[in-house]
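# Descriptive analysis of the structure
Residues per chain, in single letters:
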Amino acid sequence: MSMAAPAPPAPARLRRIVAASLIGTTIEWYDFFLYGSAAALVFNKLFFPDSDPLVGTLLSFLTYAVGFAARPVGALVFGHYGDRLGRKKLLILSLLLMGGATCAIGLLPTHATVGSAAPVLLTALRLVQGFALGGEWGGAVLLVSEHGDARRRGFWASWPQTGAPAGQLLATGVLSALTALLSDAAFESWGWRVPFLLSGVLVLVGLWIRLSVDESPVFQAALAQAEARKAEAGRQPDAAEKLPLVAVLRHHWRDVLIAMGARMAENISYYVITAFVLVYATSDHVDLGKQTALNAVLIASAVHFAVIPAWGALSDRIGRRPVYLLGAAGVGAWAFPFFHLIDTRGFGALLLAVTVGLVFHGAMYAPQAAFFSEMFATRMRYSGASIGAQFSSVAAGAPAPLIATALLADYDSATPIALYVIAAALITLVAVGAAQETRDRDLTRIEPSAPGGERATGTLDAAESTPRSASAS
């Protein structure tokens with residue numbers, strides 16, 4: 001059963017919708033990445049002072065990984081209600097939860113003040129951050145993907161993805177400025193709190209912008225269709241209306257597995273390149289300064305921000321799969337050169353290593369939003385995209401800095417870490433290679449069939465797909 005395509009939004013309205021998603025995701029990723037950078041730089045001393053430096057860093061990254069463990073729960077909860085109540089409401093809630101938790105981290109007492117209660121409180125707030133981010137991503141990309149312009153969906157949907165490097169840029173920039181202006185003692189005493197408290201101001205800005213946009217027209221049309229079906233005499237709601245998760249696992253289990261595999265190289269490489277690099281570059285193995293490492297990530301994140309829309313536009317021309325496969329192959333091939341360049345102990349080499357790594361990462365991250373959105377039916381799209389994206393993060397991004405740090409401690413070499421990234425790249429190449437191209441799918445037509453005859457809709461036959469010339473707005 002298909003529904004009539006909603007009228008495409010005016011260009012100014014579409015830009016406002018994109019801006020709302022971008023600013024919201026930037027704030028959420030700022031909060032999330034700020035924790036990762038602080039975990040690498042100061043949390044080992046403030047919350048785990050009884051451990052030696054490397055063990056303290058491991059414990060600090062363990063609380064960092066806890067946030068990823070909460071992301072699948074957020075994906076389930078936000079996906080369920082986002083598919084029933086709408087994208088906009090849940091996006092506002094995720095922003096408030098993330099901002100509140102981040103501000104609270106900035107007010108936390110340290111181990112020196114309250115002892116073991118400090119890391120416990122830190123972990124609890126990290127769980128809230130992960131829960132909020134687990135629901136944020138799916139809603140943000142769907143709000144843009146479902147608002148129109150199918151011909152350029154890859155480009156427009158890639159803009160919320162730039163919220164990750166923008167958040168990284170903002171978090172690293174604030175930390176870099178503070179470490180440059182303050183002494184180490186002042187930064188560890190109170191300076192680290194400033195960027196966490198700044199989140200409160202950013203959340204107010206993001207909330208004001210998100211309240212000004214409309215709900216997804218594709219979702220509204222699907223909801224109206226579902227209500228009409230429920231109004232039929234003697235008809236019970238179908239699985240997608242009662243529990244979207246059931247429908248996702250029934251109709252889209254293959255697409256969920258593909259999305260999870262696609263995330264492995266993207267997620268692992270990103271956290272090795274941006275979070276673990278702060279540990280590796282400042283360790284005794286390389287012995288570069290904290291400021292040097294932060295500046296390299298800062299500049300590379302700006303390049304990352306710029307290339308993501310370009311990769312998204314390319315996916316509109318040649319397809320999601322070719323661009324994604326290029327990125328996965330690139331990060332795998334770059335793994336050994338990445339560490340070799342850092343080992344030279346030069347800022348230029350470090351900057352080149354991080355920048356090229358993030359450019360390849362962008363080739364996966366840019367088409368991901370449109371690619372995942374196009375896999376799932378409208379009334380289960382929030383759940384499907386979120387589950388596929390966030391469940392994989394538990395096995396990918398969550399332990400990546402932890403595993404990399406442990407490998408460095410055990411082997412005192414980057415070789416096993418490079419092999420770890422290559423293994424992730426191979427998994428992603430297999431997963432994306434097994435997927436079908438989704439570029440030509442019309443989001444208004446990807447729906448379960450009539451009651452009693454539902455079918456898996458992640459794969460459309462030729463009669464059901466809409467030509468790009470017909471679906472372009």
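Source: prediction; values computed, not measured.

### Observations regarding the side chain of Gln368
Inspection of the secondary structure puts Gln368 in helix α17 (residues 347–373). Residue Gln368 is classed as buried on the basis of its relative accessible area of 0%. Beyond its immediate sequence surroundings of up to four residues, Gln368 is in contact with Trp137, Gln161, Arg263, Glu266 and Tyr324.

### Examining helix α9 (residues 184–191)
Inspection of α9 places Ala186, Phe187 and Gly191 among the buried residues, and these make up the whole buried set. For α9, the buried positions fall inside an angular range of 100 degrees around the axis, keeping them on one side. Of the residues in α9, the exposed ones pointing more than 90 degrees away from the buried face are Asp184 and Ala185. Turning to α9, the residues buried within the fold contact α8 (163–181) and α10 (193–210).

### What to know about helix α20 (residues 415–434)
The end-to-end C-alpha separation of α20 is 29 Å, in line with the 28 Å expected for 20 residues at 1.5 Å each. Of the positions making up α20, those classed as buried are Pro416, Ile417, Ala418, Tyr420, Val421, Ala424, Ala425, Thr428, Ala431 and Val432.

### Things to note about the environment of Ile318
Relative to the assigned elements, Ile318 resides in helix α15 (residues 290–318). With a relative accessible area of 45%, Ile318 lands in the partly exposed category. In this structure the C-alpha to C-alpha distance between Ile318 and Glu437, which are 119 residues apart in sequence, comes to 10.0 Å. In contact with Ile318, other than residues within four places in its own chain, are Val323 and Arg439.

### Focus: the pattern of salt bridges
Under the defined criterion, the tally for this structure stands at 5 salt bridges. The partner of Arg263 in a salt bridge is Glu266, with the nearest N and O atoms 2.7 Å apart. Taken together, the positions of Arg263 and Glu266, both in helix α14 (residues 253–282) and 3 residues apart, correspond to about one turn of that helix. Between Arg320 and Asp316 there is a salt bridge; the shortest N-O distance is 2.9 Å.

### Digging into the packing of helix α7 (residues 153–161) against α15
Packing of α7 against α15 leaves a shortest axis separation of 7 Å and a crossing angle of 155 degrees. Between α7 and α15, the angle falls in the class roughly antiparallel. Of the two elements, α7 crosses α15, and the hand of that crossing is right-handed. Across the interface between the two elements, Arg153, Gly154, Phe155, Ser158, Trp159 and Gln161 of α7 pack against Phe305, Ile308, Pro309, Gly312, Ala313, Ser315 and Asp316 of α15.

About the criteria used
- Residues numbered from 1 in each chain as written.
- Predicted model: local features only at pLDDT ≥ 70, side-chain atom pairs only at ≥ 80, totals over all residues.
- Heavy atoms only, no water.
- Helix = DSSP H or I, 4+ residues; strand = E, 2+ residues; numbered from the N terminus.
- Buried < 20%, exposed > 50% of the residue type's maximum accessible area, 1.4 Å probe, protein only.
- Contact = heavy atoms within 4.5 Å.
- Arc of directions from axis to C-beta.
- Expected span 1.5 Å × (residues − 1).
- Salt bridge = Lys/Arg side-chain N within 4 Å of Asp/Glu carboxyl O.
- Axes fitted to C-alpha atoms, helices over the stretch in contact; angles between N-to-C directions.
- Parallel < 35°, antiparallel > 145°, perpendicular 65-115°, else oblique.
- Left-handed = near helix turned anticlockwise from the far one by under 90°.

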